[in-house]
Amino acid sequence: MKRREALGSIAAAALTAAFKWTPEEAGKAAAFAREAIKAPYAPTFFTAHEWETVRLLSDIIIPKDERSGSATDAGVPEYMDFMMGDRPDGQVPMRGGLAWLDNECFERFGKTFVQSAEADRTAVLDDIAWPKKARPEMSQGVAFFNMFRDMTASGFWSSKIGVTDLDYRGNTFVSEWNGCPDAALQKLGVRYEG
């Protein structure tokens, strides 16, 4: 049962118990209650500007494609907001990293990350997305981007959209294991000895 449906059921039960309504009337009241709580998600950790940046950056990392939805479609920003409340040790690195990203864009382009052109955002991200290639002065951005990318991946592939994207089917019984398929071995450039 989805959260909204659960809240609707609770509302219906409470209204039926509190008033002498018919089940149809209670159902109507529950429907009105469900509509009343359809407010958009309001982050508890991120500021409005940070929220906009988180949503944009997570979708740059995992965009919508022909196979599945984007990071925001999967609820990754909401996941991150929850994690910041649940894991306070990540708050300073997250907030500091978002500020670093804005500062780097402002230094280069005179705009925040969100306000910058797509090509400009890409240039900054290219400088921090590849740790082994990054210049030493980019170390704070690299650390932030690694953390952010990991959180994006964790949030996405633990969501319903992500599990579907992986085509995960759970543990399945294999009666006879013949090793890795030849096509996979060739792709990896390895082979079995013997």
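Residues numbered from 1 in each chain as written. Predicted model: local features only at pLDDT ≥ 70, side-chain atom pairs only at ≥ 80, totals over all residues. Heavy atoms only, no water.

Caption draft 1: Highlighting the overall build of the chain. Helix and strand content of the chain: 9 helices and 0 strands. Evaluated residue by residue, the chain yields a buried proportion of 31% over its 194 residues. Long-range contacts, defined as pairs at least 24 residues apart, comprise 57% of the intrachain contacts of the chain with a sequence gap of at least 6. When the accessible area of the chain is evaluated, it comes to approximately 13200 Å², of which 57% is carbon and sulfur surface. (Helix = DSSP H or I, 4+ residues; strand = E, 2+ residues; numbered from the N terminus. Buried < 20%, exposed > 50% of the residue type's maximum accessible area, 1.4 Å probe, protein only. Contact = heavy atoms within 4.5 Å. Areas by Shrake-Rupley, 256 points an atom, 1.4 Å probe, with all protein chains shown as cover.)

Caption draft 2: Quick look at the packing of aromatic side chains. One pass over the structure, following the stated rule, counts 5 aromatic pairs. Relative to tryptophan 51, the ring of phenylalanine 46 has its centre 6.1 Å away and its plane inclined at 40°; by these criteria the two rings are tilted. Tryptophan 51 shares its class with phenylalanine 46; the two are buried. Taken together, the ring pairs in this structure connect Tyr41, Phe45, Phe46 and Trp51 into an aromatic cluster. Taking the ring centre of phenylalanine 113 as reference, the NZ or CZ of arginine 121 above it sits at 5.9 Å. Sitting over the face of the ring of tryptophan 130, lysine 133 holds its NZ or CZ atom 5.9 Å from the ring centroid. (Phe/Tyr/Trp six-rings, centres within 6.5 Å; stacked < 30°, edge-to-face > 60°. Lys NZ or Arg CZ within 6 Å of the ring centre and 35° of its normal.)

Caption draft 3: Examining the pattern of salt bridges more closely. Considering all chains together, one arrives at 6 salt bridges under this definition. A salt bridge links aspartate 127 to arginine 108, with the shortest nitrogen-to-oxygen separation between them at 2.5 Å. Of the two residues, aspartate 127 is situated in helix H6 (residues 118-128) and arginine 108 in helix H5 (residues 91-109); the sequence distance between them amounts to 19 residues. Taking the relative accessible area as the measure of exposure, aspartate 127 reaches 22% and is therefore partly exposed. The network of salt bridges with shared partners includes Glu104, Arg108 and Asp127. (Salt bridge = Lys/Arg side-chain N within 4 Å of Asp/Glu carboxyl O.)

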